[in-house]
Amino acid sequence: MLIEKTRDEVLEDIILSLRNFKKSFGDTQVLQGINLDVRRGEFVTLLGPSGCGKTTVLRIIAGLLDADEGQVILEGNDVTEAPPEKRNVNTVFQSYALFPHMNVGANVGYALRIRGEKKAKIKEEVARALSLVQLEGYERRMPHELSGGERQRVAIARAVIAKPKVLLLDEPLGALDLQLRRQMQIELKRLQRTLGITFIYITHDQEEALNMSNRIAVMRGGVFEQVGTPAEVYDTPRTSYVARFVGEANIICGKAVSVSDGFVTLRTDGGVVTARDGGIKFRAGDDVTISVRRENIQIIDELQDAGLRATVKEKNFVGGLLRTTLELDDGVEIIAARCGIDSPHVPGDVVYVMFTPEHAVAVRELP
Amino acid sequence: MSNKVKSSKRKRSRRSTFPTLYLAILTVLTYVPIAVVVVYSFNESKISSVWSGLSLRWYKELFRDPDMFRALLMSVLLGVSSCLIAAVIATLAAIGLPRAKLPGRKLVEYLSSLPIIIPEIVLGMVFLVYFSLLNLPFGMTTLIIAHTSFCIPYIYMQVKARLIGLDESYYEAARDLGASSIRAFFDITLPLIMPAVISGMFLSFAMSFDDVIISVFVTGVSTDTLPIKVYTQLKTSTTPKINALCTLMLVVTVFCYVMSYVFSRIGRRNMKTQKEREHKEAIRKA
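Procedures and definitions
- Residues numbered from 1 in each chain as written.
- Chains lettered and ligands numbered in written order.
- Predicted model: local features only at pLDDT ≥ 70, side-chain atom pairs only at ≥ 80, totals over all residues.
- Heavy atoms only, no water.
- Pairing = 2+ DSSP bridges.
- Helix = DSSP H or I, 4+ residues; strand = E, 2+ residues; numbered from the N terminus.
- Axes fitted to C-alpha atoms, helices over the stretch in contact; angles between N-to-C directions.
- pLDDT = per-residue confidence, 0-100.
- Salt bridge = Lys/Arg side-chain N within 4 Å of Asp/Glu carboxyl O.
- Buried < 20%, exposed > 50% of the residue type's maximum accessible area, 1.4 Å probe, protein only.
- 1 Å grid on protein atoms, 1.4 Å probe; cavity = no way out; pocket = protein on both sides within 12 Å on 5 of 7 lines; lining within 4 Å.
- Points joined across faces, edges and corners; volume = space filled by probe spheres on them.
- Nonpolar A, V, L, I, M, F, W, Y, C, P; charged D, E, K, R; others polar.
- Contact = heavy atoms within 4.5 Å.
- Buried area = accessible area lost by both parts, 1.4 Å probe.
- Polar contact = N/O pair within 3.5 Å; in protein donor to acceptor, adjacent residues only side chain to side chain.
- Left-handed = near helix turned anticlockwise from the far one by under 90°.
- Patch = residues over 30% accessible without salt bridge, like charges linked within 9 Å, V, L, I, M, F, W, Y side chains within 5 Å.
- Areas by Shrake-Rupley, 256 points an atom, 1.4 Å probe, with all protein chains shown as cover.
- Phe/Tyr/Trp six-rings, centres within 6.5 Å; stacked < 30°, edge-to-face > 60°.
- Lys NZ or Arg CZ within 6 Å of the ring centre and 35° of its normal.

Turning our attention to the sheet that holds strand S3 (residues 43–47) of chain A. Residues and elements named next belong to chain A. Strands sit in the order S6-S7-S8-S3-S9-S10 across an open sheet of 6 strands; the sheet is mixed. Only two strands of the sheet have a single partner each, and these edge strands are strand S6 (89–92) and strand S10 (223–228). The average angle at which neighbouring strand axes cross in this sheet is 20 degrees, direction not considered. Of the pairings in the sheet, the one linking S6 to strand S7 (residues 166–170) comprises 4 bridges and is parallel in character. Of the residues in S7, the one forming a bridge with Val92 is Leu169.

With 97% of its residues at a pLDDT of 70 or more, chain A shows a mean pLDDT of 88. Mean pLDDT values for the elements of chain A range from 58 in helix H1 (residues 7–12) of chain A up to 95 in helix H3 (residues 104–115) of chain A.

Attention now moves to the pattern of salt bridges. Charged atoms that come close allow side chains of opposite charge to pair. One pass over the structure, following the stated rule, counts 28 salt bridges over all chains. A:Arg113 serves as the salt-bridge partner of B:Asp187, at 3.7 Å between the closest nitrogen and oxygen. Here B:Asp187, found in helix H9 (residues 181–209), pairs with A:Arg113, found in helix H3, and the two come from separate chains. Across the pair B:Asp187 and B:Arg183 runs a salt bridge whose closest N-O atoms are separated by 3.0 Å. Highlighted residues: B:Asp187 and B:Arg183, both in helix H9, separated by 4 residues, approximately one helical turn. In this structure B:Arg183 comes out as partly exposed when scored by relative accessible area, which is 29%. Among the charged side chains, a network of salt bridges with common partners joins A:Asp13, A:Arg40, A:Glu75 and A:Lys165.

So, about the pairing of strand S14 (residues 287–292) of chain A. All names here are of chain A. For S14, a buried count of 5 out of 6 residues is recorded, marking the element as mostly surrounded by other parts of the structure. Relative to S14, strand S11 (residues 250–260) is paired through 6 bridges, and the arrangement is antiparallel. Its bridge partner lying in S14, Cys253 is registered against Thr289. When S14 meets strand S20 (residues 360–363), the two strands line up antiparallel, connected through 4 bridges. In the strand pairing of S20, Ser291 is matched with Val361.

All names here are of chain A. In this structure, the largest pocket occupies an estimated 410 Å³ of space. Lining the largest pocket are 13 residues, and of these Gln206, Glu207, Glu248, Arg294 and Leu321 lie nearest its centre. Only helix H7 (206–212) and strand S17 (321–328) provide two or more residues apiece to the lining of the largest pocket. Residue contributions to the lining of the largest pocket peak at 3 residues, all from H7.

Let us look at empty space enclosed by the protein. If a probe as big as a water molecule is rolled over the atoms, it shows which places are left empty. Residue and element names in this part refer to chain A. Throughout the structure, instances matching the rule amount to 2 cavities of 30 Å³ or more. Each pocket or cavity is described by its volume, and for the largest cavity that value is around 50 Å³. As for the largest cavity, its lining consists of Leu132, Val133, Arg153, Ile156, Met184, Glu187, Leu188, Arg190 and Leu191. Where the lining of the largest cavity is concerned, the elements lending two or more residues are helix H5 (148–160) and helix H6 (178–195). Ranked by residue count, the leading element in the lining of the largest cavity is H6, at 5 residues. Residues of the lining of the largest cavity, tallied by class, amount to 6 nonpolar, no polar and 3 charged.

Attention now moves to the interface of chain B and chain A. Chain B puts 23 residues into the contact, and the matching count from chain A is 32 residues. Of the roughly 2,400 Å² buried at the junction of chain B and chain A (both faces included), carbon and sulfur atoms supply 52%. The interface formed by chain B and chain A holds 3 salt bridges in total. Residue A:Arg59 is joined to B:Glu172 by a salt bridge in which the shortest nitrogen-to-oxygen separation is 2.7 Å. If you look at where chain B meets chain A, you find 8 residue pairs in polar contact (both at pLDDT 80 or more). When contributions to the side of chain B that touches chain A are tallied by element, the ones reaching two or more residues are helix H8 (168–176), H9 and helix H12 (240–285) of chain B.

Let's shift gears to the packing of H8(B) against H9(B). Residue and element names in this part refer to chain B. At a minimum axis separation of 9 Å, H8 and H9 run at an interaxial angle of 145 degrees. In terms of crossing hand, the pair formed by H8 and H9 is right-handed. Residues Tyr170, Tyr171, Ala174 and Arg175 of H8 form the contact with H9, whose participating residues are Ser181, Ala184, Phe185, Ile188, Thr189 and Leu192. Counted by class, the contact of H8 with H9 contains 7 nonpolar, 2 polar and 1 charged residues.

The subject of this paragraph is a nonpolar patch on the surface. Residues and elements named next belong to chain B. Judged by side-chain polarity, Tyr31, Ile34, Leu250, Val254, Val258, Tyr261 and Val262 come together as a nonpolar surface patch covering roughly 600 Å² of accessible area. For the nonpolar patch, the secondary structure elements donating two or more residues are helix H1 (2–40) and H12. For the nonpolar patch, the leading source of residues is H12, giving 5 residues. The class of Tyr261 is exposed, set by a relative accessible area of 51%.

Another aspect to go through is unusual backbone geometry. All names here are of chain A. Unlike most non-glycine residues, Glu75 shows phi in positive territory, near 50 degrees. One can find Glu75 in the loop between strand S4 (69–74) and strand S5 (77–78). Judged by its relative accessible area of 27%, Glu75 falls in the partly exposed class. Backbone geometry at Tyr96 places phi at a positive 70 degrees, although glycine is not the residue there. For Tyr96, the location among the structural elements is in the loop between S6 and H3. The class for Tyr96 is buried, based on a relative accessible area of 4%.

Here the structure, examined in full by the defined rule, presents 12 aromatic pairs over all chains. Look at B:Phe185 and B:Phe186: their rings are 5.1 Å apart centre to centre, the planes differ by 75 degrees, and that puts the pair in the edge-to-face class. Geometrically, the ring pair formed by B:Phe202 and B:Phe255 is edge-to-face, given 6.2 Å between the ring centres and 85 degrees between the ring planes. On the criterion of sequence distance, the pair formed by B:Phe202 in helix H9 and B:Phe255 in helix H12 is long-range, its members being 53 residues apart. The ring of A:Tyr138 is capped by A:Arg141, whose NZ or CZ atom sits 4.3 Å from the centre of that ring. A cation sits over an aromatic face here: A:Arg158 above A:Phe99, 4.5 Å from the ring centre.

Below you can see the structure in the form of structure tokens.
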């Protein structure tokens, strides 16, 4: 069935639309209304903790699972009811799922063999796919002879050989060690650009999501809390959950005292600060929650026009950054990070915490 | 302190006594009689109880006996055909049942292994009555039906155990890459469970090959199998030929058990290496 494309879909070249997915397993509702439009050639990441339903979304797109409600629309065709083999979508499984009784060549060429391609053509395509993932000449190896990283590459080669419209990747780097993961992030990104295939990528690693994606959908409890570019999600988180999950932002609560042109000023127990309103309409007296990134927090000794009083609790030197843990007067703990190995402050010092209003943003507090 | 040492010592000695005792009982009750039969099958003498020298005389006589040869043929034909039929049915059941959305699925699964528990004599009687009711002529057909029915559980259980350990994502990956459900079954699932199917087939061939009780009830005039032959011959006389025959049957049965074990190991080994690797990787990551 051909679905009439909306004007936006034509303009933005939407390749895949998820419309209001719902899914329950028994009594637990895993997905409660998932909507997403993916543009052609886009790298979209579903980011969330384990159990938030991201794999379920992927399995519904692949056709391995039926949604209770909602539609999957691929290039204008409703494929909600189509079996997995009739969708031009391929998956890189979390466990790779390389067929253990077939060698690498047979694994990678499987999709073409199903289509009934000629042997010579399959051989040629397999060689090309393997060279794409830098595994030239691996055709005769068996999956159990490969290292984790190699198996991962084979899984990718197998999934892209049939030139799917959309490639689904379910935590493909989850089983690799840190160094290999960093390297594969770069390679995957390069691969995506070379092939021009739309990627839908699942991860629980916010760093990975920020590094690789064109857009990130932050998922929690079966809904998307925010969908946006890495910059949007990082700089302007919509909810306190997104702020915490992506980059572990500091969360400060208070009451609005005044509102002006995109900014809100709030009073907390430790003082008065101003932040961007994040598109939320506040009135004086409303509860306000703001998010401030660690690297945007400055520690000063004397109170200037705006700032919050705090006590230095702890100092750590982690990953090239000095992390200072402070406690505000209302008991909230915040962390400031800056370059350098040490600062003049010692635990117990009473200091002031400040940040420019542009670097803080009001967020919604969802249950 | 000294108490502890003592008790652990006592424990250790008890631990080693018990298996030794068990092995001794097992040997006296089972393996010695078997060994006697095997040894005496090479006895030259016509009287079983007298040893008069090593010889293959009884084996030669056995192979010269057209009746015996016919019985052997019957047994092999029966065993092979019933375990092939049972393999198809049991594999389909093991794959289909867990996915079926029918009420009482659990009960059906449970009933599948019942023929192992039902006393053979009861099963034999039941088949006898049932086949007479159906007016089926007793012979190869009735034998195959009866043997198939008790072979199914052995294969079913092996295949089911293998399927439980099999990662569903292999099948899903095949579907994802464009295979229909039937194609994915033949390309992926079947080869992966094949060792279990073969293992179960060897086991059920062994069961069929030495079955007397059920066979006696449903056999026809000219379809006596080897075990029936042994049984009826024993009633008349115990010639040393029977020793030779028993030894040969023993060899076949043991071979089947060993093959069954080997194939069940093949399946498990593949899975194990994969699990171990994942485990190792997890450790390395941590």
